2 protein chains.
Amino acid sequence: MLKAKERYNVAVVGATGAVGEEMREVLEERDFPVARLTCLASERSEGRTLEFRGGEVPVERLTEGSFDGVDIALFSAGAERARHFAPHAVVAGAVVVDNSSAFRMEPQAPLVVPEVNAHALKGHKGIIANPNCSTIQMVMALKPLHDAVRIRRIVVSTYQSVSGTGQDAIEELFEQSAQVLNMQPPKPKVYPHQIAFNCLPHIDAFDEEDYTKEEWKMVRETRKILEEPDMRITATTVRVPVFRSHSESVNIELEGPMEPNEARALMSAMPGVVVLDDPARNLYPLAADAAGTDAVYVGRVRRDPSVPHGLNLWIVSDNLRKGAALNAVQIAERLVETARRG
Amino acid sequence: MLKAKERYNVAVVGATGAVGEEMREVLEERDFPVARLTCLASERSEGRTLEFRGGEVPVERLTEGSFDGVDIALFSAGAERARHFAPHAVVAGAVVVDNSSAFRMEPQAPLVVPEVNAHALKGHKGIIANPNCSTIQMVMALKPLHDAVRIRRIVVSTYQSVSGTGQDAIEELFEQSAQVLNMQPPKPKVYPHQIAFNCLPHIDAFDEEDYTKEEWKMVRETRKILEEPDMRITATTVRVPVFRSHSESVNIELEGPMEPNEARALMSAMPGVVVLDDPARNLYPLAADAAGTDAVYVGRVRRDPSVPHGLNLWIVSDNLRKGAALNAVQIAERLVETARRG
């Protein structure tokens, strides 16, 4: 449990990664009450310094002893490191918000999108899981619709940017794009195939039933966050040659009637969701516009006449912000609020 | 009606466009029995010459009188020009295969994918419509499944390349990509928004119910080709920064059970369809691999447990080949066969 304090010692684990960088920015932008920031990373980054609030913070090597005096540890260092180091952080007295998949499906770990299920934070055991980026933006848009008229089924196809993979994938898209423009053969390193000017229907490893782990995450995490263990969901997750922001084509069946305008109004009233939906003005959410912003954008809201109460939606959000760093910091903010309220 | 001849006078209308270029290539590759090739285009291209079978063919200006002596006219010049000039070609004695949307939904015009519904060519009135590229590849993959166990419902999300828009869009993606890589602001001209490193959920103009015309094409053309006027279909069509080949995430509900392996076997037996589906070897269809080839590729075949008889598929094909030029030439080949059989 976090104690009430004026300011907190915060550690960012994986501080030099794409999400870690964003975490520092979000902490600063939102004026999170940071007493001391500790930047932890692998040996490779030791000795580098990172900017924070106009000063320089040295990058320290992540060890089991890194968490002395840390109140809040924001992890974005992959599932393996989270499994190893998060328990050490908890034992040292820190509350962990982990961005990896390591703890998401563990019953004792709350899986939280603050606008959707902040109540799940209650009684946490020291580790709180940040959901998968594609799941976060989808549940943000769907939660108000589900509360109004239960969702029976979701069919989602994603258009996910390379920054979800990490900094090396951003560089790979950059390099391969230049190679293709210069008529050179693109060289895949991070991805198994060319990502420049191509779409890969393959995110994370393949798993049971020939679904990828990313696809299972969308199914299982959505069920856990919405507290609907039997919700009917199927997903196809696709990597597209976009640097930042994930887009999603989402088809839902509701239990009762809902006009597109009603859906737009419900989503507009949801904190953190912005409806951009005016076809006459070519207005709809775009990955390039969402990049670097905090909201989840929804557009292309249309009736799907192929089922009784069907709707189609196009949902876009910056996967590094609301999909990762921002959501993690928002969780920390809720913990601080709760501590202060006593 | 086409008469039986040794060789035919063929006109390509819109010969300098992305599909027109491909039509010449396909005619040559498949050794179509061309007596004389006439390349027709707008005034702008008059005076250029185009290669064909090692020789040079002058580009002539398209006029109402361009079709004297032409047996087969392959149109790829947009709906407006097709509406104006196709009737003149028919009156001059030519059979027209039109790649635009002008005649597709007219009851007297067969809408044909030869492997799927060649029988519809019978009794044509001189104009045969080539379906929309995204529709062609989808019906190619779904036809054998529909024949085996009726399809109840289709939910499709597309990942369409810029070559579907035309040569100027190919150049736009090229230029904007270079601009972004050089940290310059990309300048949209062909599309209403940046296409480089972005996804636009907007193909063709917006139409009734806030669907785009492209989305309605997929719904209505699929129904016409499969001869299922009430088939339940919904589509979301999206432009992605890919030069060539369209990808599609297709979710279907069947009327009865079908194992993924059964679906793979049925599709493998379909002429023109190639199943690429081995997750353990990272094998699935890719736009970059399909470019320049003739087949429709299907992979990521999975059970969708969110409905009784659900399946997910990933369908990829070169939109300029099977999606346009190849399908048009295949229609012409069927007409020639029929003529020769008498």
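Residues numbered from 1 in each chain as written. Chains lettered and ligands numbered in written order. Predicted model: local features only at pLDDT ≥ 70, side-chain atom pairs only at ≥ 80, totals over all residues. Heavy atoms only, no water.

Engineer: What's the story with unusual backbone geometry in this structure? I'm lost.
Structural biologist: Excluding glycine, most residues fall at negative phi; most peptide bonds, likewise, are trans. All names here are of chain B. One non-glycine residue, Asp 210, lies in positive phi territory at about 65°. Here Asp 210 lies in the loop between helix 5 (167-181) and helix 6 (213-226). One non-glycine residue, Ser 245, adopts positive backbone phi at about 90°. Tracing the chain through its elements places Ser 245 in the loop between strand 9 (232-236) and strand 10 (246-254). By relative accessible area, Ser 245 is classed as buried at 0%. (Helix = DSSP H or I, 4+ residues; strand = E, 2+ residues; numbered from the N terminus. Buried < 20%, exposed > 50% of the residue type's maximum accessible area, 1.4 Å probe, protein only.)

Engineer: Honestly, the confidence of the model for chain A in this entry has me stumped. Any pointers?
Structural biologist: Here chain A averages 97 in pLDDT, and 100% of its residues register 70 or above. Scored as a complex, the prediction yields pTM 0.98 and ipTM 0.97. (pLDDT = per-residue confidence, 0-100.)

Engineer: Help me understand empty space enclosed by the protein, please; the structure alone is not making it clear to me.
Structural biologist: One way to see where empty space is left: roll a probe the size of a water molecule over the atoms. A full pass over the atoms with the stated rule returns one cavity of 30 Å³ or more. Each pocket or cavity is described by its volume, and for the largest cavity that value is around 90 Å³. As for the largest cavity, its lining consists of 20 residues, of which Val 155 and Ser 157 of chain A together with Val 155, Ser 157 and Ser 249 of chain B are closest to the centre. At the level of elements, strand 8 (151-159), strand 9 (232-236) and strand 10 (246-254) of chain A together with strand 8 (151-159), strand 9 and strand 10 of chain B are the ones that each hand at least two residues to the lining of the largest cavity. Per-class residue counts for the lining of the largest cavity are eight nonpolar, twelve polar and no charged. (1 Å grid on protein atoms, 1.4 Å probe; cavity = no way out; pocket = protein on both sides within 12 Å on 5 of 7 lines; lining within 4 Å. Points joined across faces, edges and corners; volume = space filled by probe spheres on them. Nonpolar A, V, L, I, M, F, W, Y, C, P; charged D, E, K, R; others polar.)

Engineer: Could you clarify how one ought to interpret the pattern of salt bridges in this entry?
Structural biologist: Pairing of side chains with opposite charge becomes possible as their charged atoms draw close. Scanning all chains against the criterion turns up 55 salt bridges over all chains. Taking the shortest distance from any N to any O, the salt bridge between Arg 24 of chain A and Glu 21 of chain A comes out at 2.9 Å. Placement of the pair is Arg 24 of chain A and Glu 21 of chain A together in helix 1 (residues 18-29), with a separation of three residues, close to one helical turn. A salt bridge links Asp 210 of chain B to Arg 264 of chain A, with the nearest nitrogen and oxygen atoms 3.4 Å apart. Of this pair, Asp 210 of chain B sits in the loop between helix 5 and helix 6 while Arg 264 of chain A sits in helix 7 (residues 260-268), which puts the two residues in different chains. Classification of Arg 264 of chain A as buried rests on a relative accessible area of 14%. (Salt bridge = Lys/Arg side-chain N within 4 Å of Asp/Glu carboxyl O.)

Engineer: Explain the sheet that holds strand 11 (residues 273-275) of chain B here, please?
Structural biologist: The pairing of strands in a sheet happens through backbone hydrogen bonds and is either parallel or antiparallel. Residue and element names in this part refer to chain B. In spatial order, the strands read 9-8-10-13-12-11; together these six strands make up an open sheet with mixed pairing. Pairing within the sheet leaves two strands with one partner each, and these edge strands are strand 9 and strand 11. Each strand axis lies, on average, 25° off the axis of its neighbour in the sheet, ignoring direction. Examined bridge by bridge, strand 8 and strand 9 share five bridges and lie parallel to one another. Bridge pairing in strand 9 places Val 155 opposite Thr 234. Across the sheet, helix 4 (residues 133-148) touches strand 8, strand 10, strand 11, strand 12 (296-304) and strand 13 (310-317), and the angle it forms with strand 10 is around 35°. (Pairing = 2+ DSSP bridges. Axes fitted to C-alpha atoms, helices over the stretch in contact; angles between N-to-C directions. Contact = heavy atoms within 4.5 Å.)

Engineer: Would you explain the relation of the copies chain A and chain B in this entry?
Structural biologist: For the pair of chain copies, the relating transformation is a rotation about an axis with a translation along it. Rotating chain A by 180° about the axis while translating it 0.0 Å along that axis superimposes it on chain B, leaving an RMSD of 0.0 Å. The two molecules are tied by a two-fold rotation axis, judged by turn and shift. A shared binding surface is used by both copies, with 100% of the interface residues of chain A retained as interface residues in chain B. (Least-squares fit on C-alpha atoms with pLDDT ≥ 70 in both.)

Engineer: Help me out: how do you make sense of the sheet that holds strand 5 (residues 72-75) of chain B in this one?
Structural biologist: Residue and element names in this part refer to chain B. Ordered in space as 3-4-2-1-5-6-7, the seven strands form an open sheet in which the pairing is mixed. Looking at the sheet topology across the chains shown, the edges are occupied by strand 3 (49-52) and strand 7 (127-129). Pairs of neighbouring strands in the sheet enclose a mean axial angle of 25°, with direction left out of account. In terms of strand pairing, strand 3 meets strand 4 (residues 55-61) through four bridges, oriented antiparallel. Looking at the pairing, Phe 52 lines up with Gly 55 of strand 4. Contacts from helix 2 (residues 78-91) reach strand 5, strand 6 (95-98) and strand 7, with the element oriented near 175° to strand 5. Packing of helix 9 (residues 321-341) onto the sheet brings it into contact with strand 1 (8-13), strand 5, strand 6 and strand 7, and relative to strand 5 it is tilted by some 165°.

Engineer: Where do I start with the interface of chain A and chain B in this structure?
Structural biologist: The figure often quoted for interface size is the accessible area lost as the parts come together. Across the boundary between the two partners, chain A contributes 59 residues, which contact 59 residues of chain B. Between chain A and chain B, a total of about 5,100 Å² is buried, with carbon and sulfur atoms accounting for 58% of that surface. Three residues stand out in chain A for area buried against chain B, namely Leu 181, Phe 197 and Arg 300 of chain A, and they jointly supply 12% of the buried area on that side. Seen at the junction of chain A and chain B, the total is twelve salt bridges. (Buried area = accessible area lost by both parts, 1.4 Å probe.)

Engineer: What is the right way to read the environment of Asp 277 of chain B from this model?
Structural biologist: All names here are of chain B. Structurally, Asp 277 is set in the loop between strand 11 and helix 8 (287-290). Between the C-alpha atoms of Asp 277 and Ala 35, which are 242 residues apart in sequence, the distance is 42 Å. For Asp 277, the residues in contact, after removing those within four places along its chain, are Arg 264, Leu 283, Val 298, Gly 299, Arg 300 and Val 301. Here the side chain of Asp 277 touches Arg 264 through a polar contact of 2.6 Å, side chain to side chain. Separated by 3.2 Å, the side chain of Asp 277 and the backbone nitrogen of Arg 300 make a polar contact. (Polar contact = N/O pair within 3.5 Å; in protein donor to acceptor, adjacent residues only side chain to side chain.)

Engineer: What's the story with the environment of Glu 171 of chain B in this structure? I'm lost.
Structural biologist: Residue and element names in this part refer to chain B. Position of Glu 171 among the secondary structure elements: in helix 5. Residue Glu 171 is classed as partly exposed on the basis of its relative accessible area, which comes to 43%. When the C-alpha atoms of Glu 171 and Ile 72 are compared, they prove to be 31 Å apart, with 99 residues separating the residues in sequence.

Engineer: What am I meant to see in helix 5 (residues 167-181) of chain A here?
Structural biologist: Because the α-helix completes a turn every 3.6 residues, residues three or four places apart line up on one side. Spanning 15 residues, helix 5 of chain A covers 21 Å between terminal C-alpha atoms, matching the ideal 21 Å at 1.5 Å per step. Every buried residue of helix 5 of chain A is accounted for by Ala 169, Glu 172, Leu 173, Gln 176, Ser 177, Gln 179, Val 180 and Leu 181 of chain A. Taken together, the buried residues of helix 5 of chain A touch helix 5 of chain B. At the exit of helix 5 of chain A stands Met 183 of chain A, carrying a positive phi of roughly 60°. (Expected span 1.5 Å × (residues − 1).)

Engineer: When you look at the side chain of Arg 300 of chain A in this model, what are you seeing that I'm missing?
Structural biologist: Residue placement: Arg 300 of chain A occurs in strand 12 (residues 296-304). A polar side-chain atom of Arg 300 of chain A sits 2.7 Å from a polar atom in the side chain of Glu 215 of chain B. Not counting chain neighbours up to four residues away, the residues in contact with Arg 300 of chain A comprise Asp 277, Tyr 284, Asn 312, Leu 313 and Trp 314 of chain A together with Pro 201, Phe 206, Asp 210, Tyr 211, Thr 212 and Glu 215 of chain B.

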